[in-house]
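# Coordinate analysis (summary)
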Amino acid sequence: MRMLGIETSCDETSAAVVERQGTTWAIRSNIVSSQIDIHREWGGVVPELASRQHIRDICGVVRTALTTANVELPDIDGVAVTQGPGLVGSLLVGVSFAKSLALSLSRPLVPVHHLAGHIESLFLEQGDDRAIPLPLVTLVVSGGHTSLYVVRRPGSYERIGRTRDDAAGEAYDKVAKLLGLGYPGGPIVDKLAARGNDQAIDFPIPRMTHADRNAPSLKGDLDFSFSGLKTAVLRRVRGTVEARNVGSVSSAVAVEAPALRLDEAEIADICASFQRVVVDTLLDRVFDAAERFNAQSAGIAGGVSANTRLRADLATRGQHIGLPVFFPRLSLSTDNAAMIAAAGVRNYEAGIRAGWDLNADASLEL
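Source: prediction; values computed, not measured. (Residues numbered from 1 in each chain as written. Predicted model: local features only at pLDDT ≥ 70, side-chain atom pairs only at ≥ 80, totals over all residues. Heavy atoms only, no water.)

## Focus: the pairing of strand E9 (residues 297-301)
Under the convention used in this document: Relative accessibility thresholds used throughout: buried, under 20% of the residue-type maximum; exposed, over 50%; partly exposed, between the two (1.4 Å probe, protein chains only). A helix here means a DSSP run of H or I that spans at least four residues, while a strand means a run of E at least two residues long, and both kinds are numbered starting from the N terminus. DSSP-based pairing: two strands are paired if at least 2 bridges between them are found.
Of all 5 residues in E9, 5 are buried; the element is thus mostly enclosed. Note that strand E6 (residues 136-141) and E9 share 5 bridges and pair parallel. Its bridge partner lying in E9, Val 137 is registered against Ala 298. Bridge count for E9 against strand E10 (residues 325-326) is 2 bridges, and the pairing is parallel. In the sheet register, Gly 299 faces E10, and the bridge partner there is Phe 326.

Dropping the structure here:
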């Protein structure tokens, strides 16, 4: 099975060719055109700019993916595309292109959930489904999503926890903006955290004790919340500034230019302490879930899985209790089309096809 994948859910335009034979996977190509430089100027992703750039990039990205894979369009067995969730304008570019391509080639059109793609990146990384013992508890953590799933068999995803407010990656971006560090915040905070004392500040560790009214079927104690932690960082910055006799500082001023009043060591300590709490919060839920669901392995996927401390602590804690742990290489951690193609193969094998009326769904549920 040779699948062409197309991913345009946010600010990366990506196309890939992935092959599957039996239980083994092969990535023939995985081309990503990032828009970070475009959106950095604005401190975050601007949806209209993102969708316009997808239109400019998608033909060239798909052509490069095919050339790199050394295949022609007629060699493709199917076209997989991210249907959602994501920015609706961005999603529409990929969906419209995939529909046109599949129709012109008389090939199946396969819709894919973006988070399913991130989960499948773990199997892609290993290259063989048999390499990951099941059940697998996996955390999908990115700028827009923080969710916990159990995979009992390949292609089956049961959500057991999710964030109730900010996603972890979103919290990183907001704290980076608060400290005047730039965008995207995750890599910057991660780098500065390595220079700081992670015990310097006793930030609160958020814990849920009740079910979410929006998901009453879940117990709720495996859910996440990062809004309180973000507020604790703001209060720390504001308190430090005011303690230096600067006077009363409005939240607007504290958010816009606190770096003018904090030295490098203080910023590094804030980053390190903040990151410690985020990583401990994420991994506590992962290993609690692994014990509760009798998981035989654990994994993390998504853009924030590139975080150095998250990877190191996952490996250390897994080794300590004898639980195999998995995470994808950096090129498969951020949004990419190889993972979408892999999830498309799963859906294809399950008999899932899309009609020519397929539409983007910005809030698609998995």
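Don't stop here, the text continues.
## What about the sheet that holds strand E1 (residues 2-7)?
Sheet strands associate in pairs through backbone hydrogen bonding, adopting either a parallel or an antiparallel arrangement. To keep things clear, this is the line we draw: Axis lines are fitted to C-alpha atoms, over the contacting stretch for helices. Their N-to-C directions set the angle, which ranges from 0 to 180 degrees. Whether two residues touch is decided by their heavy atoms; if any such pair falls within 4.5 Å, the residues are in contact.
Pairing is mixed in the open sheet, where 5 strands are placed in the order E3-E2-E1-E4-E5. The open sheet terminates on both sides in strands that have one partner only, identified here as strand E3 (24-34) and strand E5 (109-113). Across the sheet, the mean angle from the axis of one strand to that of its neighbour is 25 degrees, orientation sign disregarded. The sheet contact formed by strand E4 (residues 78-84) and E5 spans 5 bridges and is parallel. In the strand pairing of E5, Val 81 is matched with Pro 111. Taken strand by strand, helix H3 (residues 88-105) contacts E1, E4 and E5, and its axis lies near 155 degrees from that of E4. Set on the sheet, helix H4 (residues 114-126) makes contact with E1, strand E2 (12-21), E3, E4 and E5; between it and E5 the angle comes to about 90 degrees.

## A few points about the sheet that holds E10
Spatially, 5 strands are ordered E8-E7-E6-E9-E10 in an open sheet, and the strand pairing comes out mixed. If you trace the sheet from one side to the other, it starts and ends with strand E8 (158-162) and E10, each paired once. Where strand E7 (residues 146-151) lies against E8, 4 bridges are found, and the strand directions are antiparallel. Within E8, the position partnered with Leu 148 by the bridge is Gly 161. Strands in contact with helix H9 (residues 264-292) are E6, E7, E8, E9 and E10; relative to E6, the strand with the most contacts, it is inclined by about 160 degrees.

On their own, these measurements won't tell you what the molecule is for.
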